[in-house]
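# Breakdown of the fold
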Amino acid sequence: MVGDHAVAEAVKMARVNVVSAYPITPQTLIVEKLSEIIDKGELKADFIRVESEFAALASVYGASAAGARAFTATSSHGLFYMYEMLWWAAASRLPLVMAVVTRTLGPPWNIHDEHTDLLAIRDSGWIIGMASSVQEVFDMTLTAFRISEDERVLLPVAVGLDGFVLSHTTEPIYVPYQEDVDAWLPPRNPKVPYVIEPGGEPITLGNLPKSDLYHELHKAYMDESMSEAKRVIAEAYNEYGKLTGKDYEPLVECYRCSDAKYLAVTMGAWSGDAEVAIDELRNEGYQVGLIRIRYIRPFPDDEVSERINGVRGVIVFDRDYSMGFGGILAGELMGLVPSNVSFKGVVAGLAGVDVSPSEFRTIIRDFINETEANGIMRIRKWWYIPNTNGGD
């Protein structure tokens, strides 16, 4: 199935109670498929057709507060239209799941793949993952409900998938039996963290607290839960592996890293192209491996640090850009790389521009050769333009 339909299939198997839907390319296939599934009676859920992306997240916010298992999806400008509600959902400690099909932000108008939209929400309190295949799209979506609803976490989860590259590309996937999923993912406990219901206990939500309460308790507790999420994610994937036979490293995946002297870092679907480049470079005699970021929040600092220990150089590929700063992944990871290790942040693939395995190979090879010849470099931002090797 295509990536968008894999999201819908996972939502169906999670037995979600409420789906809110507003169309935006390249996400629309998700909610269209869920509409068909619900209409056929394959999923007993309320399907809410809303007037905007803000309303889409607001409606599942209310549904989650009422004890329902809830889901929505969006892309690009739709995600930004939700921006206020992103903070409300996280700070209200409401478990819910949203698929974000990554897409370039305008102007100029562009519907193709880029990660800037997903990474722009990293400070809001959401757990944020990024899939690299259609199989992983399904697995991460299904697992997101287990992670979000865990009493040690109680934070919303965003599952990212590359627009068109995964959302509209067909791959064969393994789908577990429904009865096995039901045993692994029981219905949500509606009383956790709280429930708003007619005749229930009166509560207030999002009111005005004292400033010290906001700082010392509220945000500190959220951060503790985000840290605890690392353990919960590891547990969830360990149990999911027993269910499906799929062995996922929790926060990062490492490819040919055990003896690597140099490491490349990627996130998302183009990681497969980078792996091909790593294999080709290995055949040329370069000891290089690949770290793939699976979850950017919680930030995998310990996991990355462990893997870069003892290497000579790290090169990070960003399919995103923070104006006036550079690649977001490079900026977040550079501080983990010791000053005696070469570092280069490469900005490439914006607006859906393809970066082929041969281009990955050339960029990585040049980085290694330059380090070996000239010594340590520390470059946070370097632009790669196809057919023109330009730098910054």
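Just above, that's the structure.
Residues numbered from 1 in each chain as written. Predicted model: local features only at pLDDT ≥ 70, side-chain atom pairs only at ≥ 80, totals over all residues. Heavy atoms only, no water.

### As for the overall build of the protein chain
For the protein chain, the helix and strand inventory stands at 13 helices and 13 strands. Here the C-alpha coordinates of the protein chain stretch approximately 75 × 50 × 45 Å along the principal axes. Every one of the 392 residues in the protein chain was classed for burial, and the buried ones make up 55%. Counted over contacts in the protein chain with a minimum sequence separation of 6, partners at least 24 positions apart contribute 81%. Of the charged side chains in the protein chain, 35 are positive and 55 negative, and the gap between their average positions amounts to 2 Å. (Helix = DSSP H or I, 4+ residues; strand = E, 2+ residues; numbered from the N terminus. Buried < 20%, exposed > 50% of the residue type's maximum accessible area, 1.4 Å probe, protein only. Contact = heavy atoms within 4.5 Å. Lys, Arg positive; Asp, Glu negative; His and termini not counted. Charge placed at Lys NZ, Arg CZ, Asp CG, Glu CD.)

### Here we look at the environment of Ala70
Secondary-structure assignment places Ala70 in strand β3 (residues 70–74). Sequence separation of Ala70 and Ser339 is 269 residues, and the distance between their C-alpha atoms is 45 Å. With sequence-adjacent residues up to four places away left out, Ala70 is seen in contact with Val16, Val18, Val60, Ala63, Leu96, Val97 and Phe145.

### What to know about the packing of helix α1 (residues 3–13) against helix α2 (residues 28–39)
Contact geometry of α1 with α2 gives a least axis separation of 8 Å together with a crossing angle of 40 degrees. With respect to α2, the axis of α1 lies oblique. Between α1 and α2 lies a crossing whose hand is right-handed. For the pair α1 and α2, the contacting residues are Asp4, His5, Val7, Ala8, Val11 and Lys12 in the first and Leu29, Ile30, Lys33, Leu34 and Ile37 in the second. Its residues assigned to classes, the contact of α1 with α2 shows 7 nonpolar, 1 polar and 3 charged. (Axes fitted to C-alpha atoms, helices over the stretch in contact; angles between N-to-C directions. Parallel < 35°, antiparallel > 145°, perpendicular 65-115°, else oblique. Left-handed = near helix turned anticlockwise from the far one by under 90°. Nonpolar A, V, L, I, M, F, W, Y, C, P; charged D, E, K, R; others polar.)

### Quick look at the packing of helix α3 (residues 53–65) against helix α5 (residues 83–91)
Relative orientation of the contacting elements α3 and α5 amounts to 15 degrees, with a least axis distance of 9 Å. Regarding the angle of α3 to α5, the classification is roughly parallel. Where α3 crosses over α5, the two elements pack in a sense that is left-handed. Across the interface between the two elements, Phe54, Leu57, Ala58 and Tyr61 of α3 pack against Glu84, Met85, Leu86, Trp88 and Ala89 of α5. A class-by-class count of the residues in the contact of α3 with α5 yields 8 nonpolar, no polar and 1 charged.

### Structural notes on the nonpolar core
Of all hydrophobic cores here, the largest spans 103 residues; its most connected members are Phe71, Trp126, Ile127, Leu142, Ile147 and Val314. Ignoring anything within four residues of it in the chain, the contact list for Ile127 reads Ile147, Val153, Leu155, Pro156, Val157, Ala158, Met226, Ala229, Ile233, Tyr295, Arg297 and Pro298. (Core = buried A, V, L, I, M, F, W, Y, C linked by side-chain atoms within 4.5 Å.)

### Details of the state of the cysteines
Applying the stated criterion across every chain, the model contains 1 disulfide. The residue that forms a disulfide with Cys254 is Cys257, at a sulfur-sulfur distance of 2.0 Å. Judged by the torsion about the S-S bond (-95 degrees), the Cys254/Cys257 disulfide is left-handed. (Disulfide = S-S within 2.5 Å.)

### Section: the sheet that holds strand β9 (residues 288–293)
Read across the open sheet, the 6 strands follow the order β7-β9-β8-β11-β12-β13; overall the sheet is mixed. Only two strands of the sheet have a single neighbouring strand rather than two, namely β7 (252–255) and β13 (378–383). With strand direction ignored, the average angle separating the axes of adjacent strands in the sheet is 20 degrees. Bridging between β7 and β9 involves 4 bridges; their strand directions are antiparallel. Across the sheet, the residue bridging to Glu253 is Arg292, located in β9. In this fold helix α11 (residues 301–308) packs onto β7, β8 (262–266), β9 and β11 (313–318), with an angle of close to 15 degrees to the strand it touches most, β7. (Pairing = 2+ DSSP bridges.)

### Details of the side chain of Ser271
Among the structural elements, Ser271 can be located in helix α10 (residues 271–283). The exposure class of Ser271 is buried, given its relative accessible area of 1%. If near-sequence neighbours (up to four positions away) are discounted, Ser271 is found in contact with Thr266, Leu290 and Arg292.

### Quick word on the sheet that holds strand β10 (residues 295–297)
With mixed pairing, 7 strands are arranged side by side in an open sheet as β2-β1-β3-β4-β6-β5-β10. Two strands bound the open sheet, and with one partner strand each, they are β2 (46–49) and β10. The mean inter-strand angle of the sheet, taken between neighbouring strand axes irrespective of direction, is 20 degrees. Relative to strand β6 (residues 157–162), strand β4 (residues 97–102) is paired through 6 bridges, and the arrangement is parallel. Each residue of the ladder has a partner; that of Ala99, found in β6, is Val159.

### Notes on the side chain of Ser76
With respect to the helices, strands and loops of the structure, Ser76 is situated in helix α4 (residues 76–81). Look at Ser76 and you get buried, because its relative accessible area is 0%. For Ser76, the residues in contact, after removing those within four places along its chain, are Val101, Arg103, Thr104, Leu105 and Asp117.

### Quick notes on the environment of Arg380
Mapped onto the elements of the fold, Arg380 is located in strand β13. Classification of Arg380 as partly exposed rests on a relative accessible area of 32%. Each C-alpha atom of the pair Arg380 and Asp182 lies 46 Å from the other, and the pair is 198 residues apart in sequence. Discounting chain neighbours no more than four positions away, the residues touching Arg380 are Phe325, Ala330, Gly331, Met334, Phe343 and Gly345.

### Overview of the pairing of strand β12 (residues 342–347)
Extensive coverage of β12 is indicated by the burial of 6 of its 6 residues. Neither face of β12 is left uncovered, since the one carrying Ser342, Lys344 and Val346 and the one carrying Phe343, Gly345 and Val347 both have all their residues buried. The pairing of β11 with β12 spans 6 bridges and is classified as parallel. Bridge assignment links Phe317 to a residue of β12, and that residue is Val346.

Purely geometric numbers; function is a separate question.
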